[in-house]
Amino acid sequence: MNRVFLIGIAGDSGSGKTTFAEGIRRMFHGRVAAFSMDDYHTLSRKERFERGITPLNPEMTDLELFREHLLMLKCGKAIEKPVYDHSLGERRCCERFEPGEIVIAEGLHTLYEGLNELYDYRIFVDPAREIKRTWKLKRDVEERGYRREDVIREIIQREPDYKRFVDFQKIYADTIVKIYPSMLKSSERISYLSSQEEMYRVRLVFTNLSVNMKHVGLKLDLSRMIKAGERDFAISFFSDYYYGKRASFIDVDGFLSVEIFQSLLDVLRDETGEKLEWDVGEYASSTEIAKLMICWNLVEVMNSEKI
Ligand SMILES: Nc1ncnc2c1ncn2[C@@H]1O[C@H](COP(=O)(O)OP(=O)(O)OP(=O)(O)O)[C@@H](O)[C@H]1O
Ligand SMILES: O=C(CO)[C@H](O)[C@H](O)COP(=O)(O)O
């Protein structure tokens, strides 16, 4: 197999890493293999609890084995990797993992020193605290069957370790995805205010401006946008420094009508020759639009590496 395009996604527990990885996997259908760094936990949940240590501490991840595996995957070699069973809270051996053309590694420490330089593209997912707490609580209670009070206690316990061991990795990312509550909530669109669907404002920070961005022009037809949208939507751009690097900032808030989203997708498909499979309903949320923009940036980086 040819050289693999390696993507690293880092962020807190419940920050949406798996959801973003799944979004990218869907777009590049059949070409992506994804795995989680959770599988490299060194201790069981019980052992961590007894030692009063959280999984956010990098000692709880076998970084050396993970690095070895990244190097093998990068050369297109399959790995025999451990598996962490979340239902039991234990690591067991082992499963074969075959790389795709694109490999996504997602986890708490994927962009650590010694690892971050191995990727072709790095993403850090960074939702606001209140959003992250809500997502994690819902996921851990409803999907993993944990007790609500245990999850709340753990969220509080983990916060210092998040700052100490996870948050700083964003300085190495090509793209930082920040997610905030929507600023469009004061809208008078009563019918949509009663909707259950949460609205978010997503800020994308692109720090890889040295990449030759000449392949794809993602044109936004503002006049169509104004006419077609029945739901609130806002977009803004600015540039600034992000931890010492010149960066482009794009803020997207609310929902975009599917016709406009589709036309953006068509431009991306035409200009890249990629099939890019996508499935949105009547409206595309700001997080879907963010995925599309990341995908555009990803394709640019992939193309620039072919030159
Ligand atoms: N864009 C989104 N909109 C609404 N909910 C979301 C979004 N992204 C993630 N979530 C919710 O947050 C929960 C956690 O997301 P996800 O599993 O992707 O996080 P994670 O970072 O991979 O977590 P962990 O590392 O703990 O496995 C999901 O169950 C999902 O319901
Ligand atoms: O932070 C996490 C994932 O990113 C998990 O909490 C960690 O992987 C440990 O899993 P569990 O809580 O199921 O023992």
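Predicted model only: the values in this text are computed from it and were never measured.

Caption draft 1: Here's a closer look at the packing of aromatic side chains. Scanning the entire structure with this criterion turns up 11 aromatic pairs. Relative to Phe66, the ring of Phe35 lies with its centre 5.8 Å away and its plane at 35°, an arrangement referred to as tilted. Residue Phe35 is found in strand β2 (residues 32-36), and its partner Phe66 is found in helix α3 (residues 63-74); the two are separated by 31 residues along the sequence. By relative accessible area, Phe35 is classed as buried at 4%. Assessed through its relative accessible area of 0%, Phe66 is described here as buried. Between Phe35 and Phe97 the ring centres are 4.9 Å apart and the planes differ by 50°, which places this aromatic pair in the tilted class. Of this pair, Phe35 sits in strand β2 while Phe97 sits in strand β4 (residues 90-97); the two residues are 62 residues apart in sequence, bridging distant segments of the chain.

Caption draft 2: Representation of the site of ligand 2 within the structure. Around ligand 2, the surrounding shell consists of Ser13, Asp38, His41, Arg45, Arg48, Pro55, Tyr84, His86, Leu108, Tyr146 and Arg158. Within the side chain of Ser13, a nitrogen or oxygen atom sits 3.3 Å from an oxygen atom of ligand 2. For ligand 2, an oxygen atom lies 2.7 Å from a polar atom in the side chain of His86. Coverage of ligand 2 by the protein chains reaches 95% of its 360 Å² of free accessible surface. Across the shell around ligand 2, the residue classes tally to 4 nonpolar, 3 polar and 4 charged.

Caption draft 3: Expanded view of the site of ligand 1. In the vicinity of ligand 1, 14 residues are found, and the nearest of them are Ser13, Lys17, Thr18, Thr19 and Arg139. Interatomic distance of 2.8 Å between a side-chain N/O atom of Lys17 and an oxygen atom of ligand 1. Note that a nitrogen atom of ligand 1 is positioned 3.4 Å from one of the side-chain N or O atoms of Thr287. Protein chains shield 79% of the accessible area of ligand 1, which is 620 Å² for the free molecule. Residue classes in the shell around ligand 1 are distributed as 2 nonpolar, 7 polar and 5 charged.

Caption draft 4: Representation of the pattern of salt bridges in the model. Evaluation of the coordinates by the stated rule reveals 27 salt bridges. Residue Glu80 pairs with Arg96 through a salt bridge whose shortest N-O separation is 3.9 Å. Of the two residues, Glu80 is situated in strand β3 (residues 79-85) and Arg96 in strand β4; the sequence distance between them amounts to 16 residues. Here Lys81 ties to Glu95 by a salt bridge, and the two come within 3.1 Å at their closest N and O atoms.

Caption draft 5: The arrangement of the nonpolar core in detail. Within the largest apolar cluster, 46 residues are counted, with the highest numbers of intra-cluster contacts made by Ile7, Ile24, Phe28, Tyr121, Ile123 and Leu298. If you tally residues by element for this core, the top one is helix α9 (residues 286-306), at 11 residues. With sequence-adjacent residues up to four places away left out, Leu298 is seen in contact with Phe5, Ile7, Ile24, Phe28 and Tyr121. By size, the runner-up hydrophobic cluster in this structure holds 31 residues, among which are Val103, Tyr162, Phe165 and Val166.

Cut-offs used in this document
Residues numbered from 1 in each chain as written. Chains lettered and ligands numbered in written order. Predicted model: local features only at pLDDT ≥ 70, side-chain atom pairs only at ≥ 80, totals over all residues. Heavy atoms only, no water. Phe/Tyr/Trp six-rings, centres within 6.5 Å; stacked < 30°, edge-to-face > 60°. Helix = DSSP H or I, 4+ residues; strand = E, 2+ residues; numbered from the N terminus. Buried < 20%, exposed > 50% of the residue type's maximum accessible area, 1.4 Å probe, protein only. Near = heavy atom within 4 Å. Polar contact = N/O pair within 3.5 Å; in protein donor to acceptor, adjacent residues only side chain to side chain. Areas by Shrake-Rupley, 256 points an atom, 1.4 Å probe, with all protein chains shown as cover. Nonpolar A, V, L, I, M, F, W, Y, C, P; charged D, E, K, R; others polar. Salt bridge = Lys/Arg side-chain N within 4 Å of Asp/Glu carboxyl O. Core = buried A, V, L, I, M, F, W, Y, C linked by side-chain atoms within 4.5 Å. Contact = heavy atoms within 4.5 Å.

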